[in-house]
Amino acid sequence: MNDTNHTSELPELPELYGALRASAAETVRVLRGVDPAALDAPTPSAEWDLRAVVNHLILWTAHNFALRAEGGSVPAEWYERDFTAEPGWAEAYAQQVDKALAAWSDPSVWEREMPMGDSAVPAAAIAGMILLEFSLHGWEAAEGSGQTYTLDEATATAVLGQVEQWAEMFRQYDGFARPAPAGDDAGAFARALALSGRRA
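Below, the structure is looked at part by part. (Residues numbered from 1 in each chain as written. Predicted model: local features only at pLDDT ≥ 70, side-chain atom pairs only at ≥ 80, totals over all residues. Heavy atoms only, no water.)

Thoughts on the nonpolar core
L20, L31, Y93, W104, W110 and F189 are the most contacted members of the largest nonpolar core, which has 62 residues in total. Element by element, the count of residues in this core is highest for helix α4 (residues 123–144), at 13 residues. Non-local contacts of F189, meaning those with residues more than four positions away in its chain, are made with S135, L136, W139, Y149, L151, A156 and V159. (Core = buried A, V, L, I, M, F, W, Y, C linked by side-chain atoms within 4.5 Å. Buried < 20%, exposed > 50% of the residue type's maximum accessible area, 1.4 Å probe, protein only. Helix = DSSP H or I, 4+ residues; strand = E, 2+ residues; numbered from the N terminus. Contact = heavy atoms within 4.5 Å.)

If you want it as structure tokens, here you go:
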């Protein structure tokens, strides 16, 4: 996939779409760089090894992301599916992410309400959560596989805004830990990691 920001070419789409493209490109790059022999390696998530983080990314930022645009969601039996046991999983992930981004490039998708739990929320809220999935778990995958996760400042600022918006709700459901300290000179992405309870 191309890691270009297309918001200037697609002014009818929200700025969040550009951040999604950028974070998706970086996460795809990281997963392509994962050594399959190292999938049992630890990550900054105490509960998840690298395989678990990668499977979570594939499930939610590729398959669920695409299905959301179609009005669906992933089947429950996929929650336990080991995508990394399937040949060519990294390239399959890249292709599925491209499919999801193409689906979300339709402006009408952004005008919908989408189910979340027992209620419905604007599509932009779902997109913001997907951005956090790409960036925060993408960073965990990078750390667990000996890589560096890098976002441009505009994308990092968008991630920080989403963390600030959802942090308290995510903490109620154990999605985020207590905030970690961030240095006074920390950039936007480092602050986003810290606010989500991750230590860069």
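Focus on the pattern of salt bridges
Side-chain pairs of opposite charge can arise whenever the charged atoms involved come near each other. Summed over the entire model, instances satisfying the criterion amount to 6 salt bridges. When the shortest N-O distance is used, the salt bridge between R51 and D40 registers 3.1 Å. With R51 in helix α2 (residues 50–69) and D40 in the loop between α1 (15–32) and α2, the pair connects residues that are 11 residues apart, well separated along the chain. Between R81 and E86 there is a salt bridge, with the nearest N and O atoms lying 2.9 Å from each other. Accessibility expressed as a relative area gives 31% for E86, which makes it partly exposed. (Salt bridge = Lys/Arg side-chain N within 4 Å of Asp/Glu carboxyl O.)

Considerations on the packing of α2 against helix α3 (residues 89–104)
At a minimum axis separation of 8 Å, α2 and α3 run at an interaxial angle of 30 degrees. On the basis of their axis angle, the class for α2 and α3 is roughly parallel. The hand of the α2/α3 crossing is left-handed. Together, V54, L57, I58, T61, A62, H63, F65, A66, R68 and A69 of α2 and W89, Y93, Q96, V97, A100, L101, A103 and W104 of α3 make up the contact between the two elements. Among the residues making up the contact of α2 with α3, the classes are represented as 14 nonpolar, 3 polar and 1 charged. (Axes fitted to C-alpha atoms, helices over the stretch in contact; angles between N-to-C directions. Parallel < 35°, antiparallel > 145°, perpendicular 65-115°, else oblique. Left-handed = near helix turned anticlockwise from the far one by under 90°. Nonpolar A, V, L, I, M, F, W, Y, C, P; charged D, E, K, R; others polar.)

Looking at the side chain of T43
Mapped onto the secondary structure, T43 falls in the loop between α1 and α2. Overall, T43 belongs to the buried group, its relative accessible area being 12%. A polar contact of 2.7 Å, which involves the side chain of T43, links it to the backbone oxygen of W48. Residues in contact with T43, not counting those within four places in the same chain, are W48, D49, L50, V53, E140 and G144. (Polar contact = N/O pair within 3.5 Å; in protein donor to acceptor, adjacent residues only side chain to side chain.)

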